[in-house]
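# Inside the fold
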Amino acid sequence: MFSFSTYLNKLTSFFMNRSLNVNKTMFKKLGNSSFKYFATNASKTEAQGVEVRIPVPWGHLAGKWWGPKDRTPILTLHGWQDNCGSFNALIELLPKHLSFLAIDFPGHGFSSKLPPGFFYHHLNAVILVRRLQSFFNLDKISLMGHSLGAITSYTYGGLYPQSINFAICIDGLQCPINQKKLGRVIESLDGFFKYDAQVNKIFSNKVEPPAYSIDTMVEMMHKGTRGSIDKDKCKYIITRNVKESNSKPGLFYFDRDPRVKSGPFMNWPMDEMLEHAQRINFPILSTMAESSHVMRNHGVFDIVKDHILKVNSLAEFHDMKGTHHGHLNNPENYAPIIWKFIEKYDKAEKKIDLKYFEQIKYEE
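Computed from a predicted model, the values in this text were never measured in an experiment.

### Description of the overall build of the chain
When helices and strands are tallied, the chain shows 13 helices and 10 strands. With 364 residues in all, the chain has 55% of them scored as buried. At a minimum sequence separation of 6, the contacts of the chain that also span at least 24 residues come to 76%. Approximately 16,400 Å² of the chain is accessible, and the part contributed by carbon and sulfur atoms is 53%.

### Here's the deal with the environment of Tyr156
As for its position among the elements, Tyr156 is in helix α6 (residues 148-159). By relative accessible area, which is 0% here, Tyr156 ends up buried. Between the C-alpha atom of Tyr156 and that of Ala167, which follows or precedes it by 11 residues, the distance is 9.8 Å. Setting aside chain neighbours within four positions, we find Tyr156 in contact with Val126, Val129, Arg130, Gln133, Ile141, Leu143 and Ile164. A distance of 2.4 Å separates a polar atom in the side chain of Tyr156 from a polar atom in the side chain of Gln133.

### Section: helix α10 (residues 270-278)
Considered for burial, the residues of α10 that qualify are Met273, His276 and Ala277. Down the axis, α10 shows its buried residues gathered within 100 degrees of arc, on one side only. In α10, the exposed positions angled more than 90 degrees off the buried face are occupied by Asp271 and Glu275. Packing partners of the buried residues in α10 comprise α6 and α11 (300-311).

### A few points about the environment of Ser142
Tracing the chain through its elements places Ser142 in strand β5 (residues 141-146). With relative accessibility at 4%, the residue Ser142 sits in the buried group. In the structure, Ser142 is positioned 200 residues away from Ile342 in sequence and 9.5 Å away in space, judged by C-alpha atoms. Setting aside residues up to four positions removed in sequence, Ser142 forms contacts with Pro73, Ile74, Leu75, Asn165 and Phe166. Reaching out from Ser142, the side chain makes a polar contact with the side chain of Asn165 at a distance of 3.3 Å.

### Some points on the sheet that holds strand β4 (residues 100-103)
The pairing of strands in a sheet happens through backbone hydrogen bonds and is either parallel or antiparallel. Taken in spatial order, the eight strands make up an open sheet running β1-β2-β4-β3-β5-β6-β9-β10, and their pairing is mixed. Either end of the sheet is taken by a strand with one partner, and the two such strands are β1 (50-56) and β10 (315-320). Going from strand to strand, the sheet's axes swing by 20 degrees on average, the running direction of each strand aside. Bridge count between strand β9 (residues 284-289) and β10: six bridges; the pairing is parallel. Pairing of Thr287 across the sheet is with His318, part of β10. Those strands touched by α6 are β3 (74-77), β5, β6 (164-170) and β9, and its axis lies near 145 degrees from that of β5. Relative to β10, α11 is tilted by about 145 degrees, and along the sheet it contacts β9 and β10.

### Details of the pairing of β9
Burial of β9 is extensive: six of the six residues sit out of reach of the surface. Here β9 shows two buried faces, one formed by Ile284, Ser286 and Met288 and the other by Leu285, Thr287 and Ala289. Relative to β9, β6 is paired through four bridges, and the arrangement is parallel. Each residue of the ladder has a partner; that of Ile168, found in β9, is Leu285.

### Here's the deal with the nonpolar core
If you look at the biggest cluster of nonpolar residues, it comprises 43 residues, and the most contacted ones within it are Leu75, Leu101, Ile103, Tyr154, Leu173, Ile284 and Ile308. Take this core: its biggest share by element is six residues, from helix α5 (residues 122-135). Contact partners of Tyr154, with chain neighbours within four places excluded, come to Cys169, Leu173, Gln174, Met273, His276, Ala277, Ile280, Ile284, Val304 and Ile308. Cys84, Ile170, Met320 and Tyr345 belong to the second largest nonpolar core, which has 23 residues in total.

### Digging into the environment of Val50
In this structure, Val50 sits in strand β1. Take Val50: its relative accessible area is 5%, and that puts it in the buried class. The sequence separation of Val50 and Trp65 amounts to 15 residues, and the corresponding C-alpha distance is 5.1 Å.

### Regarding the pattern of salt bridges
Inspection of every chain in the model, using the stated rule, returns eight salt bridges. The residue Arg240 makes a salt bridge to Glu51 at a minimum N-O spacing of 2.6 Å. In this pair, Arg240 is assigned in the loop between α9 (234-238) and β7 (242-244) and Glu51 in strand β1, connecting sequence segments 189 residues apart. As far as burial versus exposure is concerned, Arg240 and Glu51 are alike and both buried. Each of Glu51, Asp104 and Arg240 takes part in one network of salt bridges that share partners.

### Quick notes on unusual backbone geometry
Residue Asn137 is not a glycine yet carries a positive backbone phi of 55 degrees. Following the sequence through the fold, Asn137 ends up in the loop between α5 and β5. We note that Asp171 has phi near 55 degrees; this positive angle belongs to a residue other than glycine. The topology assignment puts Asp171 in the loop between β6 and α7 (182-203).

About the cut-offs
- Residues numbered from 1 in each chain as written.
- Predicted model: local features only at pLDDT ≥ 70, side-chain atom pairs only at ≥ 80, totals over all residues.
- Heavy atoms only, no water.
- Helix = DSSP H or I, 4+ residues; strand = E, 2+ residues; numbered from the N terminus.
- Buried < 20%, exposed > 50% of the residue type's maximum accessible area, 1.4 Å probe, protein only.
- Contact = heavy atoms within 4.5 Å.
- Areas by Shrake-Rupley, 256 points an atom, 1.4 Å probe, with all protein chains shown as cover.
- Polar contact = N/O pair within 3.5 Å; in protein donor to acceptor, adjacent residues only side chain to side chain.
- Arc of directions from axis to C-beta.
- Pairing = 2+ DSSP bridges.
- Axes fitted to C-alpha atoms, helices over the stretch in contact; angles between N-to-C directions.
- Core = buried A, V, L, I, M, F, W, Y, C linked by side-chain atoms within 4.5 Å.
- Salt bridge = Lys/Arg side-chain N within 4 Å of Asp/Glu carboxyl O.

Spelled out as structure tokens, the structure:
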């Protein structure tokens, strides 16, 4: 049986031996005794976040709750193939009186995977936001997202603008347009069936994914993001993204659902994008990194940006130095801008009933 604390201890040793300035609290052993400490001393651990689970029909959503437990949180959504750990460094620099609920999307991090045969569609994430708003019985929500999480926040806001307090979109906004169009959809379908076959084998315990050393995983993640994630920041993603191999002790495998690697089906026409932008009437903050390899495709972002600025005086756009994962690599550059924006527009007053939460208990 997988032991969360065992692999975290091994990851701790790896990162500490390489002097990567690991946040020691993040890698603290979380056995039953530690769980009791976290549960009874929440005020002492709020700065590091508390692990939570939220029930959903296919299992659970995992995530981290930062800040006061009785305050409406800013729902925080990560990027494609990342997990909520990508926000650790940024949230640690934001005001401690604020609450953040950073979730792992289905198939990512510690969240349950979808059953075999199901596709991870972009609109699944939008539906998930609606589900969470209903779960907490909130009239309005505040959103912060990166990449896919930013696209999800923007898409949801355009569909339900009356439900949004504000949205913070980091290196993501409108759905990307792919010039291949139908050809890209075909590639996505073919990729899905390939990855779904892998999932069927994994679910039936017939095969284990390839296992690697942590050194190799760091290199793979750094190169796989085209250098977007600095090597010393890969730890924030890896800690929620791997399991120790049963067949090759001491090695680890990526535990995210391989189906998430299937390409997108979304390819909105420009007229619908502009109609969507017309509905963005709430405060929105967008940051875009100068070296981002994701969103500045075919000038679409700039067109949408100009349209939003014409119709929404509450919109802010900031150009940032760095890569697509700038909020993870250099959170000190993002925190002041985000802090000022939240301070201006945060109106969270409703209290949250914590009876809905089941905090995760990790095994020894």
